[in-house]
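Next come the chains, spelled out residue by residue.
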Amino acid sequence: MRGTAFVKRNALSHRCFTFGIGEGSASAMVTDLAKEASGLSQIITETDRLLPKVVQSLRLALQPAVQEISVRWDVPPGLEVTPLTPQPFVVFPGHRALLYAQLRGQCDSAAVGSAHIQYTLGGQSFTKEVSFSLKPQKDSGLALHRLHARAVIRSMEKQHDYWSDYFRDQRKVQELVGLSFDSGVACVITDYITVQRDTKKPVEGLSPIKTFQSYARWTCEGVACSFEEKVEDWLPDEAAEESALLKLVTLQKADGSWAVDSALVSVLGKTDEEVNGGMPEKTPSFVSPLQTQSQAAWATVLVLLWLHTFQLDSRDEWELMAAKAASWIRARPGLSMTQYLEAGNSLLGCQVKPQTLGL
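About the criteria used
In every chain, residue numbers begin from 1 and rise along the written sequence. Given that this is a predicted model, residues contribute local features only at a pLDDT of at least 70 and side-chain atom pairs are listed and counted only at 80 or more, while totals for whole chains, interfaces and linings are drawn from all residues. For side-chain calculations, the full set of non-hydrogen atoms in the structure is used, while hydrogens and water are omitted. Each helix is a run of H or I in the DSSP string that is no shorter than four residues. Each strand is a run of E no shorter than two, and both are numbered from the N terminus. Throughout this description, buried means an accessible area under 20% of the type-specific maximum (1.4 Å probe, protein chains only), exposed means over 50%, and partly exposed covers the range between. What makes two residues a contact is simply this: any of their non-hydrogen atoms within 4.5 Å. By the convention used here, strands pair only if DSSP detects at least 2 bridges between them. Confidence of the predictor at the level of single residues is captured by pLDDT, which takes values from 0 to 100. Here, nonpolar core means buried Ala, Val, Leu, Ile, Met, Phe, Trp, Tyr and Cys residues that are tied together by side-chain atoms lying within 4.5 Å of each other. Between N or O atoms, a polar contact is any pair within 3.5 Å; within protein, one atom must be a potential hydrogen donor and the other a potential acceptor, and residues adjacent in sequence are included only when both atoms are from side chains. The span you would expect from a helix comes to 1.5 Å times its residue count less one. A carboxyl oxygen of Asp or Glu within 4 Å of a side-chain nitrogen of Lys or Arg is what we treat as a salt bridge.

Caption draft 1: Quick peek at the overall build of the chain. In terms of regular secondary structure, the chain is built from 14 helices and 8 strands. Here the chain holds 359 residues, and the buried ones make up 36% of them. Look at the contacts in the chain between residues 6 or more apart in sequence, and 58% of them connect residues 24 or more apart.

Structure representation (structure tokens):
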């Protein structure tokens, strides 16, 4: 529970991506931890490969998020706006933020209000304006009020470790339960139950209808995990095929390029003589103390051609790695890419165009 409380306290500024390894993993805890921090949960079974799952989470984590959010209300004189939900600090891709506010006062029924929302995305600033009528709707029902109550309840649940603080402070318990009863929205310590319409008595033999994930089992029953099996016992049969990609990950430099060495040549299925002999003529202006950049470009082009030809089925596993390599090549406009691609296609026996490599 300390881990869960820590994740909730930092959920407004951090994300949590979780992985459950094996059939015996606590899937409920793995899922709830990621859900509380706007992350992604992944359950790795014996038929799954770990690398694609990790890359999927990494790709999601690298996507830009909406930040520096501010809201300004523009209403006619005589009206006062009271925010009812906390303003979000960040909105991650695939998520949304719901803001509720209460209008107090009097104004002309034909008046119109507006909300101005300003935020940044990818380093750029944006401003959106939403206009709304100030005329009350007679048939609006309780849906909006219940949505607001649900948002407040969820905010109260996130602000406290309720299985310790709330049960020690009865005032907080009554506050949460009272809001849940008044609004008809269940919280973590209330349930919907089925009752008979005539007698108004609970129907026996039916399980309560839950609307929120209960955390009680984490403290009452505990969570027991056993990882006695060896990793090799549940690794998929594709581990041997995956080793080539793992070698490329290990051999890739921090700047995104590769070097021509025996380890890389082995992955490509060629000999040192074939790789060195097929390299285009070196360009003297790209000489460095350790290795010419033309050699690094040659190795990087060969890897990209090999991935796009022989590893298309595993594209989701190496896509980020290839994008980094292509970015390294694009940053060196002095290289004759046409010459490198023709030589690489001839050596590896493939026909890959520059557009395919992102060049």
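Caption draft 2: How the structure looks around the sheet that holds strand 3 (residues 66–74). Taken together, 4 strands build an open sheet; the order of strands is 5-3-7-8 and the sheet is antiparallel. Each edge of the open sheet is held by one strand with a lone partner, namely strand 5 (90–91) and strand 8 (124–133).

Caption draft 3: Spotlight on the confidence of the model for the chain. Summary statistics for the chain give a mean pLDDT of 76 and a share of 81% for residues scoring 70 or more. No element of the chain has a lower mean pLDDT than helix 7 (residues 216–220), which averages 28, and none a higher one than helix 12 (residues 293–310), which averages 90. Overall, residues 208–242 carries pLDDT values under 50, and its contacts beyond four positions in sequence, including any with other chains, amount to 52 contacts. Every residue in residues 283–290 is under pLDDT 50, and counting partners more than four places away or in other chains gives 7 contacts.

Caption draft 4: Structural context of the nonpolar core. Among the nonpolar cores identified, the biggest contains 37 residues, and Leu248, Trp258, Trp298, Leu305, Trp306 and Leu307 are the most heavily contacted of them. Put simply, the parts of the chain that give this core at least two residues each are helix 9 (239–251), helix 10 (262–268), helix 12, helix 13 (315–330) and helix 14 (337–348). Sort the elements by how many residues they give to this core and helix 12 lands first, with 11 residues. Val152, Ile153, Met156 and Val185 belong to the second largest nonpolar core, which has 7 residues in total.

Caption draft 5: Broad picture of the side chain of His308. In this fold, His308 is placed in helix 12. One polar contact links the side chain of His308 to the main-chain carbonyl oxygen of Thr356, over a distance of 3.3 Å. Ignoring any residue separated from it by four or fewer positions in sequence, one finds His308 in contact with Arg315, Trp318, Val352, Thr356 and Leu357.

Caption draft 6: Up close: unusual backbone geometry. For Ser38, which is not glycine, the phi dihedral falls at a positive 55°. Note that Ser38 resides in the loop between helix 2 (27–36) and strand 2 (41–44). Unusually for a residue other than glycine, Glu68 sits at a positive phi of about 50°. With respect to the element layout, Glu68 can be found in strand 3. According to the relative accessible area criterion, Glu68 is exposed, its value standing at 59%.

Caption draft 7: Looking closely at helix 14. An ideal rise of 1.5 Å per residue puts 16 Å on 12 residues; helix 14 measures up with 16 Å between its terminal C-alpha atoms. Looking only at helix 14, the buried set comprises Met337, Tyr340, Leu341, Ala343, Gly344, Asn345, Leu347 and Leu348. Elements that come into contact with the buried residues of helix 14 comprise helix 11 (272–278), helix 12 and helix 13. A positive backbone phi angle near 70° is found at Gly349, which sits one or two residues after helix 14.

Caption draft 8: Representation of the pattern of salt bridges in the model. For the coordinates displayed, the defined rule picks out 1 salt bridge. With a shortest N-O distance of 3.3 Å, Glu319 and Arg59 are connected by a salt bridge. Of this pair, Glu319 sits in helix 13 while Arg59 sits in helix 3 (residues 50–61), and the two are 260 residues apart along the sequence. On the basis of relative accessibility, which here comes to 35%, the residue Glu319 falls in the partly exposed class.

Caption draft 9: Up close: helix 2. Every buried residue belonging to helix 2 is among Val30, Asp32, Leu33, Ala34 and Glu36, and all of these are buried. At the C-terminal side of helix 2, Ser38 shows a positive phi close to 55°.

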